[in-house]
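Breakdown of the fold
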Amino acid sequence: MSGADPMSARASKVRWALVLAASAGLAAIPSPASALSVQEALLLAKPAVALVSAQVNANVTVNCGQGPVTISPRPYIEVGTGWFVDGRGYLITNAHVIDPAYRVPPWVVVELKLRAVEEGCVKPAVRARGFAPGQRPDLEEEMLRAIPLAAVKLTPTARVSVLLSNGANLEAQVAKFSAPITLDAKGNPLKDSGRDLALLKIQAGAYPALSITDKEPKVGDEIHVLGFPGVVRDHELLSRSALKEASTTKGQVSGFNTDAIGQGVIQTDASAVHGNSGGPAVGDNASVVGVMTFISLRGNTAVQGFNFLIPARDVRAFLVGTDVKPGQSRFNPVWAAGVAALFDERYSAALARFREADRLLPGLVDVKRSTAEAEYKLAHPPPRPFPWAWTIAGAGTLLSVITWGVWAGRRWKRNRYRVHPGQVIDFLERGLNPVFLDVRVPADYETSPLSIPKAIRLDPERITQGPIDLAVDKNQLIVTFCTSPDERTSEQVARLLRRQGWSNVRILKGGLGAWANARLPVESKSHLPSIGIEIYRNLTHGDIERRHYAPGVVIFEEGDDAHGEAYVVHAGTVEIVKSYPGGERRLNLVKEGELLGQMALFRHAPRSAAAVAVTKVELLVMRNERLEWLIRNRPELTLELLKHLSDQIVSMDPGA
């Protein structure tokens, strides 16, 4: 930080700049809009998803009563979903998908022994007595119990494999393993429980790969879960090609929870069943937001709408210490270029890229389908309308250039002194120490009790009457702010300041509202509860309809229609009164900065109590649709409202 100020002054500026920067977070940095459609994002992601199988075969020696025999029962197979995280042959899946083959746990050994006894001893004995298998389950159970499993000898052979959509079934090695959560008889997790992730490595090649997002998800973000649900894979009316191609389900991030050992999980309402385990959940940019880990069950039935993902940040942490480079692949740029060309209707370029992708990794279903689409569109181009636009383009181009030039000139002239909140942070970090001038018109200034910390109040209606009395050096950086549309008041004041000698005057673009929405610090001109500060942060001109009431006047009666209105108590105190068989009882006092009348809107019902002005009261009217929008889109206000409602419930319950 530069400048001739003393060290203490510089330190003060640094501290304030850091506070503002921390409060702003990324709000001052515009987030880029996604350039991908849903179809394009999914087409980019799907080739990187593969079916993962863990198979345990066994040779079992058992004595059925006539000497030992060796039986090879049908293998134990666990199926899930994996996805390439590195195009050199690294995949991510759930640890519980490959656990049967990786560690061959005791329950798998028991299952294979039971199958061997059933297939080698019980079924032949049942047939020898003249019964078909399943005809006498009581007899089969008795025979099964007659052979002690401890005497059964088993030699397992395990294999983990990856099935690509081109039909290639490749053996995989486990490169890293973090065990799934396992609970004991009391429901407590065992000590080796982990993150339920496994890193697999197949033979080297040029495979598609997914990147892992570094963006934290938010409630309401749309996601798509890719995988191989068993209900599709094993459907009796579908062809066996369902084994090779991933399915997609759509949903949203619906919450954040922790698992049995305190690890974070993302809750989603996207559908998932057995077979989706280990599958990626991708966002609108085709990068991985999370990994499907477990679903919700009622008995043996999946309860949809309550499924859980391992967050992307934990997947990145799991990969630390490995050779994996997430998202890197020789296949990806070729495939992405082809998909982009296809969606841009550049079919010849798309076809060339798809054929190149097929040479890198032949036969992938999505590549074949996209190639066929590009070939068809190239052979049967869609009809083009007569190019009227090109006919008149010559005459229109000159007019457009002139119009654009005039518009750009006006825009430059209008915006040359305007600065965004993020630029103000930059001023502070550079040691320019801007002075904030609050130049809101009196009506707006009186309506909102919020302001920027340390701002100097300058009434715009008074400074037009003579010289401006402002105790600020003429060369000092000044930032004016208001709440007028297009910052008209700030612009007028800035023009007057420049005329009277202040040479370095800027206008805060978006005014106080932009500052507050960027979550930068604000201060209250009077004591307000935290919910009041959040309400005033989000007030707009459409919310500022005022109503005044004298002391003792009834604002609304119990049982009145709400008319879609709630109120902000801008000044005064309101008493909430409810009728009971023994008389009236005061439930609450609503003070400055608090909401009034919102309960009827939430309940879609008449007023549950009466409201009476205790002192002179000024209310700001807030319509139902505006309140609902704020609750859905302003989580800070929603949180404060929940706290406020909780406090009200406790205060009205004498036993709480």
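Scroll up for the structure.
Residues numbered from 1 in each chain as written. Predicted model: local features only at pLDDT ≥ 70, side-chain atom pairs only at ≥ 80, totals over all residues. Heavy atoms only, no water.

**Observations regarding the sheet that holds strand E17 (residues 456-457)**
Pairing is parallel in the open sheet, where five strands are placed in the order E14-E19-E18-E15-E17. Pairing within the sheet leaves two strands with one partner each, and these edge strands are strand E14 (418-419) and E17. Pairing of strand E18 (residues 478-481) with strand E19 (residues 505-508), which is carried by three bridges, proceeds in the parallel orientation. Note on E19: the bridge partner recorded for Ile478 is Val505. Packing against the sheet, helix H15 (residues 488-499) makes contact with E14, strand E15 (435-438), E18 and E19, and its axis sits at approximately 175° to E19. (Pairing = 2+ DSSP bridges. Helix = DSSP H or I, 4+ residues; strand = E, 2+ residues; numbered from the N terminus. Contact = heavy atoms within 4.5 Å. Axes fitted to C-alpha atoms, helices over the stretch in contact; angles between N-to-C directions.)

**Section: the packing of helix H8 (residues 331-343) against helix H10 (residues 365-379)**
Relative to each other, H8 and H10 sit at 35°, their axes nearing to 11 Å. At the point where H8 passes H10, the crossing takes the left-handed sense. On H10, the residues that touch Phe331, Trp335 and Leu342 of H8 are Asp366, Val367, Ser370, Glu373 and Ala374. Across the contact of H8 with H10, the residue classes break down as five nonpolar, one polar and two charged. (Left-handed = near helix turned anticlockwise from the far one by under 90°. Nonpolar A, V, L, I, M, F, W, Y, C, P; charged D, E, K, R; others polar.)

**Some thoughts on unusual backbone geometry**
With a phi angle near 60°, Asp196 is a residue other than glycine that sits in the positive phi range. With respect to the secondary-structure elements, Asp196 resides in the loop between strand E6 (169-178) and strand E7 (197-201). Residue Lys454 is not a glycine yet carries a positive backbone phi of 65°. As for its position among the elements, Lys454 is in the loop between strand E16 (450-451) and E17. Overall, Lys454 belongs to the exposed group, its relative accessible area being 62%. (Buried < 20%, exposed > 50% of the residue type's maximum accessible area, 1.4 Å probe, protein only.)

**Quick look at the sheet that holds strand E11 (residues 280-282)**
Here six strands make up a closed barrel; going around it, the order is E8-E9-E10-E13-E12-E11 and the pairing antiparallel. Adjacent strand axes in the sheet meet at a mean angle of 45°, parallel and antiparallel pairs treated alike. As judged from the six bridges shared by strand E8 (residues 222-227) and strand E9 (residues 247-258), these two strands associate in the antiparallel manner. Each residue of the ladder has a partner; that of Gly227, found in E9, is Ser247.

**What about a nonpolar patch on the surface?**
Where nonpolar side chains cluster on the molecular surface, the patch consists of Leu398, Ile402 and Val406 and spans about 290 Å² of accessible area. Mapped onto the elements, Val406 comes out in helix H12 (residues 393-415). According to the relative accessible area criterion, Val406 is partly exposed, its value standing at 41%. (Patch = residues over 30% accessible without salt bridge, like charges linked within 9 Å, V, L, I, M, F, W, Y side chains within 5 Å. Areas by Shrake-Rupley, 256 points an atom, 1.4 Å probe, with all protein chains shown as cover. Salt bridge = Lys/Arg side-chain N within 4 Å of Asp/Glu carboxyl O.)

**Thoughts on the environment of Arg103**
The residue Arg103 is located in the loop between helix H3 (95-102) and helix H4 (106-128) in this model. Residue classification places Arg103 among the partly exposed residues on the basis of a relative accessible area of 36%. Remark: the alpha-carbon pair of Arg103 and Ala158, spanning 55 residues in sequence, is separated by 9.0 Å. Sequence-distant contacts of Arg103, defined by excluding residues within four places in its chain, comprise Phe177, Ala179, Pro180 and Asp192. Here the side chain of Arg103 touches Asp192 through a polar contact of 3.2 Å, side chain to side chain. (Polar contact = N/O pair within 3.5 Å; in protein donor to acceptor, adjacent residues only side chain to side chain.)

**Considerations on the packing of aromatic side chains**
Evaluation of the coordinates by the stated rule reveals eight aromatic pairs. Arranged with centres 4.8 Å apart and planes meeting at 10°, the rings of Phe84 and Tyr207 form a pair that is stacked. Placement of the pair is Phe84 in strand E3 (residues 76-86) and Tyr207 in the loop between E7 and E8, with a sequence separation of 123 residues. Ring geometry for Phe436 and Trp515: centres 5.4 Å apart, planes at 70°, overall edge-to-face. (Phe/Tyr/Trp six-rings, centres within 6.5 Å; stacked < 30°, edge-to-face > 60°.)

**Some points on the pairing of strand E2 (residues 68-71)**
Examined bridge by bridge, strand E1 (residues 49-63) and E2 share four bridges and lie antiparallel to one another. Directly across from Asn63, in E2, lies its bridge partner Pro68. Between E1 and E2, which follow one another and run antiparallel, lie four residues, and Gly65 among them has a positive phi close to 120°.

**Focus on the state of the cysteines**
Under the counting rule described, the total for this entry stands at one disulfide. Here Cys64 pairs with Cys121 through a disulfide, and the sulfurs are 1.8 Å apart. Residues Cys64 and Cys121 are joined through a disulfide that is left-handed, its torsion about the S-S bond being -65°. Separated by 57 residues along the polypeptide, Cys64 in the loop between E1 and E2 and Cys121 in helix H4 bring together distant segments of the chain. According to the relative accessible area criterion, Cys121 is buried, its value standing at 8%. (Disulfide = S-S within 2.5 Å.)

These figures capture arrangement, not role.
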